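Listed below, chain by chain, are the residues.
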Amino acid sequence: MEMKTVIIRNATIYTGEQVLNQGSLIISGGKIQGLFPDEPVPVQDCHVIDATGLLAIPGLIDLHFHGYGEFAITETTALSRLLVSQGVTGFLPTLMTGNPEFVISALHLLAATHGAGDGARILGINLEGPFLNPEQSGAQPRHCLMKPDPREASRLLEAGGNMVRLMTIAPELPGALDIIEFLHLNGVIPAAGHIQATCAEMLAAEDRGLCHVTHLFNRSGSFHHREPGLIGWALTRGQVTVELIPEHHHLHPLAVELTLRCKSPDRVILVSDNVPHNLRDCVLSENGAVMAPDRTLLGSAQSLLQGVFWLVDTLGIDLGFGLRLASLNPARLLGIENRKGSLEPGKDADLVLLRGRTPVLTMVEGKMVYDQLSAR
Ligand SMILES: [Zn+2]
């Protein structure tokens, strides 16, 4: 069915590059066709949305998301619908390390979705493990971690049917460098995380194609003046991109500020690291962290958009800049910035209208998938 042309008028538009007050967007064929600083010429037979008082922002992209609330990560239909109500239009379902057969069957299930969904798009699959350092397992079940094994790595990629885009690995484990190179050559972004690597081990991994860090500072080893480790490496290497969990149980705001001062602005990516609340017997803390009974952090229950506002509130960063860390930058890491990540003519119409801080309308590829505006 051909979708009607949609005009969104009178919005404050954060394009990813600039802010347009009282701007307009023309959307048709799933794409943004036009972006105007004022009223566009009316098109015949179109649907006009008056966005007076609302902000239009690029749909957020969450690279690290394990599920939410009651929903396990394989419940993609429910999760895709839920995410669009939180301003996320694309995500990587992220599998924690688990029983190998369970992980393989989850990969088969996720691969079978082919990215489709009636809400946020699945842009690939993220594997957090299983080749992680047992000393830094955190929320990952220790007994399921494995020594780097090329056969297991290919088995995982195959089960994911070419949809695996990211894999977290500890480069200091014996055999990890070969896996890193294998991932890199197979279009999977190798990411360092749950590690205790030295700076020298990180440099060796970089030579083999590693240049992304899973939730920097959380399970990243420590920074020492004679052994700066992963943290020193990540903050000083220009090509390296880092994930941050913008949530106060995971990071002090100054750890975020330190990162923003060290890194070029396009190398920092915000992720939710959301986990379902009903994981084992975890507890949900006040303000959005999910913890094991011994207070080990399992992940967060705060949405990515709330994380952006947390940075705006605690560090006083510009909202447009904060949004870019959760839209254009993740799109760039995935190599899809030519079609996603910002509001520009020619790109997919993935956008969110906010009233204050609350999403009231979300579009994915031009399709209205969440609408509280006309419901009123
Ligand atoms: Zn995680």
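On a predicted model such as this, the values are computed, not experimentally measured, just so you know.

Asker: Got a minute to help me understand the overall build of the protein chain in this structure?
Answerer: Looking only at helices and strands, the protein chain features 10 helices and 22 strands. Taking 376 residues into account, the globule formula puts the C-alpha radius of gyration at 21 Å, and the protein chain, at 20 Å, falls close to it. Seen through its principal axes, the protein chain has C-alpha atoms that stretch 65 × 40 × 40 Å.

Asker: For this particular structure, what's the right way to read the nonpolar core?
Answerer: In summary, soluble globular proteins display a tendency toward joint burial of nonpolar side chains. If you look at the biggest cluster of nonpolar residues, it comprises 113 residues, and the most contacted ones within it are Ala56, Phe91, Ala192, Leu230 and Leu353. Two domains each provide a minimum of three residues to this core, namely domain 1 (6-57 + 343-371) and domain 2 (60-334). Ignoring sequence-local partners within four residues, the contact set of leucine 353 consists of Ala11, Ala51, Leu54, Leu55, Ala56, Val360 and Leu361.

Asker: What's the story with the domain arrangement of the protein chain in this structure? I'm lost.
Answerer: Interface size is commonly expressed as the accessible surface area that is lost when the partners come together. Domain parsing of the protein chain yields domain 1 (6-57 + 343-371) and domain 2 (60-334). Residue-level contacts link 12 residues of domain 1 with 17 residues of domain 2. When contributions to the side of domain 1 that touches domain 2 are tallied by element, the ones reaching two or more residues are β21 (358-364) and β22 (367-371). Ranked by residue count, the leading element in the side of domain 1 that touches domain 2 is β21, at 3 residues. Classifying every residue of the side of domain 1 that touches domain 2 by side-chain character gives 8 nonpolar, 2 polar and 2 charged.

Asker: Explanation requested: the environment of threonine 97 in the structure shown.
Answerer: Within the secondary structure, threonine 97 sits in the loop between β8 (88-96) and α2 (100-112). Look past the residues within four positions of threonine 97 in its chain and what remains in contact with it is Glu128, Gly129, Pro130, Leu132, Gln140, Pro141, Cys144 and Leu145.

Asker: I tried to follow the pairing of strand β11 (residues 164-169) on my own but got confused; where do I start?
Answerer: With 6 of 6 residues buried, β11 is to be regarded as a mostly interior element. As paired elements, strand β10 (residues 125-128) and β11 share 4 bridges and run parallel to each other. Within β11, the position partnered with glutamate 128 by the bridge is threonine 168. Note: β11 against strand β12 (residues 189-192), 4 bridges, orientation parallel.

Asker: How should I be thinking about the packing of helix α5 (residues 199-207) against helix α6 (residues 229-236) in this particular structure?
Answerer: Two packed helices can be described by the angle between their axes and the distance between those axes. At a minimum axis separation of 7 Å, α5 and α6 run at an interaxial angle of 50°. The angle between α5 and α6 places the two elements in the oblique class. Along its contact with α5, which presents Cys199, Met202 and Leu203, the element α6 presents Gly229, Leu230, Gly232 and Trp233. Taken together, the residues that form the contact of α5 with α6 break down as 5 nonpolar, 2 polar and no charged.

Asker: I keep staring at unusual backbone geometry and nothing clicks. Help me out?
Answerer: What is expected of a backbone is that most residues other than glycine have negative phi and most peptide bonds are trans. Here glycine 129 and proline 130 are connected by a cis peptide whose omega angle stands at 10°. Considering the arrangement of structural elements, one finds proline 130 in the loop between β10 and α3 (150-159). We note that asparagine 10 has phi near 65°; this positive angle belongs to a residue other than glycine. In this fold, asparagine 10 is placed in strand β1 (residues 6-14).

Asker: Looking at this structure, how should I read the pairing of strand β2 (residues 19-28)?
Answerer: Each regular strand displays side chains that alternate between the two surfaces of the sheet. One ladder, built from 6 bridges, connects β1 with β2; its direction is antiparallel. Opposite alanine 11, over in β2, you have glycine 23 as the bridge partner. Pairing of β2 with strand β3 (residues 31-36), which is carried by 5 bridges, proceeds in the antiparallel orientation. Within β3, the position partnered with serine 24 by the bridge is phenylalanine 36. Counted between consecutive antiparallel strands, the loop separating β2 from β3 contains 2 residues, among which glycine 29 sits at a positive phi close to 60°.

Asker: What exactly am I supposed to notice about the environment of leucine 107 here?
Answerer: Here leucine 107 shows up in helix α2. Given 24 C-beta atoms within a 10 Å radius, leucine 107 is considered buried. Considered as a pair, leucine 107 and isoleucine 61 are 46 residues apart in the sequence and their alpha carbons are 20 Å apart. Ignoring sequence-local partners within four residues, the contact set of leucine 107 consists of Ile125, Leu156, Ala159 and Gly160.

Asker: Teacher, can you tell me more about the environment of proline 330 here?
Answerer: Counting through the fold element by element, proline 330 comes out in helix α10 (residues 328-334). When the C-alpha atoms of proline 330 and glycine 90 are compared, they prove to be 9.9 Å apart, with 240 residues separating the residues in sequence. For proline 330, the contacting residues outside a window of four places in its chain are Ile61, Leu63 and Ile269.

About the thresholds
- Residues numbered from 1 in each chain as written.
- Predicted model: local features only at pLDDT ≥ 70, side-chain atom pairs only at ≥ 80, totals over all residues.
- Helix = DSSP H or I, 4+ residues; strand = E, 2+ residues; numbered from the N terminus.
- Rg over C-alpha atoms; globule rule 2.2 N^0.38 Å.
- Core = buried A, V, L, I, M, F, W, Y, C linked by C-beta atoms within 7 Å.
- Buried ≥ 20, exposed ≤ 12 C-beta atoms within 10 Å, placed from the backbone.
- Domains from an automatic or database assignment.
- Contact = placed C-beta atoms within 7 Å.
- Nonpolar A, V, L, I, M, F, W, Y, C, P; charged D, E, K, R; others polar.
- Pairing = 2+ DSSP bridges.
- Axes fitted to C-alpha atoms, helices over the stretch in contact; angles between N-to-C directions.
- Parallel < 35°, antiparallel > 145°, perpendicular 65-115°, else oblique.

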